[in-house]
Amino acid sequence: MFRPKLPDVPTLPTTPVFPQQTQAPAAPTGRSLTPYAGAVAAVVVVGIVLTALLAAVAVSAVSVAIAAVVLRSLLNGANKR
């Protein structure tokens, strides 16, 4: 009375079932990605050049700041003598 009843096991069909084969979508013809390669290369080159220019400006700013501190300390030391 308190035992659970298991469902009946369904029987497998006797005829084999083959999955439907679908063809992969064909690649669009006429257009290739070759024209975009030049644009991508140009963007990469421009990015590299701008990054190098930014780094050069940052290094120049640091060196000018250091030179200003050194000159200021030299001038302040000369005035106190």
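The structure displayed is predicted, hence computed values, not measured ones.

Let's talk about the overall build of the chain
Scanning the chain for helices and strands turns up 1 helix and 0 strands. Relative to its 81 residues, the chain shows a buried fraction of 0%. For the chain, the accessible surface area stands at approximately 8500 Å², while carbon and sulfur atoms represent 70% of it.

Some words on a nonpolar patch on the surface
A cluster of nonpolar residues, Val-45, Val-46, Val-49, Leu-50 and Leu-53, forms a patch on the protein surface that exposes about 450 Å² of accessible area. Inspection of the secondary structure assignment puts Leu-50 in helix H1 (residues 34-80).

Criteria and thresholds
- For every chain, the first residue of the written sequence is number 1, and numbering continues from 1 along that sequence.
- Per-residue local features of the predicted model are confined to residues with pLDDT of at least 70, and side-chain atom pairs are confined, for both listing and counting, to 80 or more; whole-chain, interface and lining totals are unaffected and use all residues.
- For the side-chain quantities, the full set of heavy atoms in the structure was used; hydrogens and water were omitted.
- Secondary structure follows DSSP: runs of H or I at least 4 residues long count as helices, runs of E at least 2 residues long count as strands, and numbering of each begins at the N terminus.
- In this scheme, a residue with accessible area under 20% of its type's maximum is buried, one over 50% is exposed, and one in between is partly exposed, where area comes from a 1.4 Å probe on protein chains only.
- All accessibility values rest on the Shrake-Rupley procedure with a 1.4 Å probe; residue burial counts only the protein chains present in the view.
- Distance thresholds for patches are 9 Å for like charges and 5 Å for nonpolar side chains (Val, Leu, Ile, Met, Phe, Trp, Tyr), applied to residues having over 30% relative accessible area and no salt bridge.
- The rule for a salt bridge is simple: a side-chain nitrogen of Lys or Arg has to be within 4 Å of a carboxyl oxygen of Asp or Glu.

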